[in-house]
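What the coordinates show
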Amino acid sequence: MDFNVSSIKTSSDGIWQGENPLHYAFPLLIIQTTLVVFLSRSLTFLLKPLQQPKVVAEILAGIMLGPSAFGRSEVFTRWIFPTWSTPILESVASIGLLFFLFLVGLELDLKTIRKSGKKAAGIAFAGISLPFVFGIGVAFLLRKVIKGVDRVGYGEFFIFIGVSLSITALPVLARILAELRLLTTPVGEVAMAAAAFNDVAAWILLALAVALAGGGKAHHSPLISLWVLLSGIGFVVFMFIIVRPIMNWMARKASCGHHIVEETYICLTLAGVMLFGFMTDLIGIHAIFGAFIFGLTIPKSGDFGGRLILRIEDFVSGLLLPLYFASSGIKTDITKIHSLGSWGLVVLVVSTACVGKVLGTFIVGMSYSIPVREALTLGILMNTKGLVELIVLNIGKEKKVLDDETFAILVVMALFTTFITTPAVMAIHKPSIHQLQLEKTPKIKENNLRILACIRGPRDARSLITLIESLRSNKNTNSSITKLYVMQLVEFSDRLSSIVMVQRARKNGFPFIGRVLRRDDTTDQVTTAFEAYSQLGRVKVRPTMAISALPNLHEDIIHVAEKKRAEIIILPFHKHWQMEGEEEMEIHAGHGWRTVNEKVMRQAPCSVAVLVDRGLEVNEIMNSMRVCIVFFGGADCRKAIEFGSRMVEHPAVRVTLVRFIQNFGSNFDEVERTLDDTTIADFKIRWDKQTVYDEKEASDELVEQVLAIGKSGEFELIIVGKGMFPQYIMAKLFENPSTDQHSELGPMANILASSGKEIKSSVLMIQQQAFGCENTKDVNSKVASQC
């Protein structure tokens, strides 16, 4: 069916009026968007086992929808992607691209780039210059071999080819580093800093190329290019001298008492993205440059930038951006690479891009004394292309600098170099034999207590400080020193906000906690509190961070516990409670965090504690804190006593030990009760005058007895071992539907962590896991066999 473009209507009257919705702009756009999102998400799922970034799947989805695959069918093209719909699709996709480039500018912190040092700058320069020089040679060859290319001016063609070979995609690189667990390693930090340098340089070169290209007009003259360049420079100066102070003022005014950003400022900023995009398009440079420069002017400190990202990134990255890949795929015809000579050019371009990037980065890395394996890894990482590369190529095609065949060759190059990054790095960057042997060596016993405490956010930080404070001895002895490794747990996802987190982590050292908690723009209370602990002399705080996808986060925790020889890992429970008026509200962090805890408890090389927080707050002057150790018997409960014993030495902590006497069977009595009695006796002899000891007979009402302790309000914290209990107690728990089932907590902690039972105390569940001595699993198997 032929269409007059000027007569195209937005929506149809429906099939009952005899109209086909696919002949109208808006219904067709809905179908196109749905198809693009479904196909890209399906390919993302299929490529996930290969640890490929999402951008690879999106590029493949776009190519598949074009004339290289589905588009070869005339029926498919006529119904789903007719020629008249292309301008509409590209317009919507360009809006998504505009806002995406604004987000890219928002995530780049120029101060961080300046502070990255000579190493990152040198690596970035080598990673750009050598492939750029190689690209000039490739461009010369392409002009000789491919017909029609020589009609384009030398300057713009060389620059486009050079930029396409030398660029590094920062967003894609960050996601690959996160997948490979390299984000917070020295290699990852250098790669991120160098990629940031690379991004800025590439956009400057691309702006130069666009100015020279002039849209392929025959009357285009060097004088016009000069005016475009001067106007672009003037625009950048205007943005940083005039607009940037305005945005700083707006960011300060936007955040009111409860960090609520006023809608007016958000709307003005989003309108600014469109306005400044129009200004650069008016100058003769692509609209995305205006959006990118505007993103750079947004202040990176405070909450304003983060809230902007959270407002628009899902809609832009999840819905609009895949449309850009689809519109790019429609322009990509792999069949244009039809001859053996053309495929030879593909091999040449891919080889040149890889050799130039890897070789340049490797040589400079070696000059900075980076080990050979790490320098090679760095070179491969810097060869990541992805979305930014596709933007460059589309602009080149739009400006008629790149023909169909050259465009297809460069798209294949971008796809291949990004695809091979992950497997190549996995093959090269392996732990050294020395490191593996070090991790397998037996842990050294020390008098100092080494704690690895994991936190997700401000609430966890407050309760952690209270708990660690209760462990701090008042004695001036070396044996009472506590070494606290605080690990911030960050779930890395495909969201751009994750990259912003990484940038802030690299800049601040101890990330996010203070920024989230501070009550004003100048006070960083939590960071100050941890620094104060370091100065106390008996608590040495060492901050660290884990940035990984949620299914892999437990591996980082276990690795750090082994490396730091931690004696206990403290994990936050995946739920906490807070009072809203007279009602108790349950806050759920998500089942993924529960899975993290379960995996750590199964694989940890040391004891593990889970803190169920019901308001274990930090006070400037710590009043008397009441702690109850509930003892049932077994290795876990003995570890709970060992942990609680350290609290007795704190002058403001009052410890009560409640022992429930229970009968598990004769074999258990002989093996375990002797150890239990010895532990209790030692505790009473050492701390009799400073603690309260209570002994109770465990009856069929054991569940009610434990609940009574939690409901009493007498204790701020209850410490309990995970343990294993007889079948009659387990059956009683399962027959009560109001008791939440949390497998990582154990029976009694599970009761105390259940919702709706009016329990006021926080709970610390401890699982003993000391290899080479008593093993909780062995004891539990004995108990289970007796029940």
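Up top is the structure these notes are about.
Here we summarise the structure given alongside this text. (Residues numbered from 1 in each chain as written. Predicted model: local features only at pLDDT ≥ 70, side-chain atom pairs only at ≥ 80, totals over all residues. Heavy atoms only, no water.)

For the coordinates displayed, the defined rule picks out nine cavities of 30 Å³ or more. Roughly 100 Å³ of internal volume is contained in the second largest cavity. What lines the second largest cavity is a set of 15 residues, among which D460, S463, L571, P572 and L611 lie closest to the centre. Of all elements in the fold, only β1 (449-455), α19 (458-471), β4 (568-572) and β5 (575-580) reach the threshold of two or more residues within the lining of the second largest cavity. Broken down by class, the residue content of the lining of the second largest cavity amounts to nine nonpolar, two polar and four charged. (1 Å grid on protein atoms, 1.4 Å probe; cavity = no way out; pocket = protein on both sides within 12 Å on 5 of 7 lines; lining within 4 Å. Points joined across faces, edges and corners; volume = space filled by probe spheres on them. Helix = DSSP H or I, 4+ residues; strand = E, 2+ residues; numbered from the N terminus. Nonpolar A, V, L, I, M, F, W, Y, C, P; charged D, E, K, R; others polar.)

Before going further, it helps to spend a moment on a nonpolar patch on the surface. A surface patch of nonpolar side chains, about 980 Å² in accessible area, is lined by L223, L226, W227, L230, I233, V237, F238, I241, I242 and I246. Along the chain, the position of V237 falls in helix α10 (residues 222-254). (Patch = residues over 30% accessible without salt bridge, like charges linked within 9 Å, V, L, I, M, F, W, Y side chains within 5 Å. Areas by Shrake-Rupley, 256 points an atom, 1.4 Å probe, with all protein chains shown as cover. Salt bridge = Lys/Arg side-chain N within 4 Å of Asp/Glu carboxyl O.)

Here we take up the packing of aromatic side chains. A ring pair, where both rings are aromatic, is described by two values, the distance of the centres and the angle of the planes. Applying the stated criterion across every chain, the model contains six aromatic pairs. An angle of 50 degrees between the planes, with centres 5.9 Å apart, marks the rings of F76 and F81 as tilted. Taking 5.4 Å as the distance between ring centres and 15 degrees as the angle between the ring planes, the aromatic pair formed by F632 and F660 counts as stacked. Taken together, the positions of F632 in the loop between β8 (625-631) and α25 (635-648) and F660 in strand β9 (residues 653-661) put the pair 28 residues apart, joining distant regions of the chain. Assigned by exposure class, F632 and F660 land together as buried. Here the aromatic residues F102, F235, F276 and F294 are joined through ring pairs into a cluster of three or more. (Phe/Tyr/Trp six-rings, centres within 6.5 Å; stacked < 30°, edge-to-face > 60°. Buried < 20%, exposed > 50% of the residue type's maximum accessible area, 1.4 Å probe, protein only.)

Right, let's get into the pattern of salt bridges. In the structure shown here, the tally under the stated rule is seven salt bridges. Here K331 and E90 are joined by a salt bridge, their closest N and O atoms 3.8 Å apart. Separated by 241 residues along the polypeptide, K331 in helix α13 (residues 304-331) and E90 in helix α4 (residues 86-107) bring together distant segments of the chain. Given a relative accessible area of 25%, K331 falls into the partly exposed group. In this structure, the salt-bridge partner of E598 is R594, at a minimum N-O distance of 3.4 Å. Taken together, the positions of E598 and R594, both in helix α24 (residues 591-603) and four residues apart, correspond to about one turn of that helix. Here E598 and R594 have matching classes, each one buried.

Attention shifts here to the nonpolar core. Ranked by internal contacts, the top residues of the largest apolar core, which has 140 residues, are F102, F157, I161, W203, F294, F304 and I391. Ranked by the residues each element gives to this core, the list is headed by helix α9 (residues 186-213), at 14 residues. Filtering out sequence-adjacent residues up to four positions away, F294 remains in contact with F102, M239, V243, M247, T269, G272, V273 and F276. The next biggest cluster of nonpolar side chains, apart from the first, holds 84 residues, and it includes A453, I557, L657 and V706. (Core = buried A, V, L, I, M, F, W, Y, C linked by side-chain atoms within 4.5 Å. Contact = heavy atoms within 4.5 Å.)

In this section: a positive patch on the surface. A cluster of basic residues, K540, R542, K563 and K564, forms a positive patch on the protein surface. In this structure K540 comes out as partly exposed when scored by relative accessible area, which is 32%. (Lys, Arg positive; Asp, Glu negative; His and termini not counted. Charge placed at Lys NZ, Arg CZ, Asp CG, Glu CD.)

Put simply, helix α7 (residues 154-166) and helix α17 (residues 404-428) touch, their axes get as near as 11 Å, and they point 20 degrees apart. Classified by the angle their axes make, α7 and α17 are roughly parallel. Read as a crossing pair, α7 and α17 show a hand that is right-handed. Judged by residue contacts, F157, I161, S164 and L165 of α7 engage T406, L410 and M413 from α17. Counted by class, the contact of α7 with α17 contains five nonpolar, two polar and no charged residues. (Axes fitted to C-alpha atoms, helices over the stretch in contact; angles between N-to-C directions. Parallel < 35°, antiparallel > 145°, perpendicular 65-115°, else oblique. Left-handed = near helix turned anticlockwise from the far one by under 90°.)

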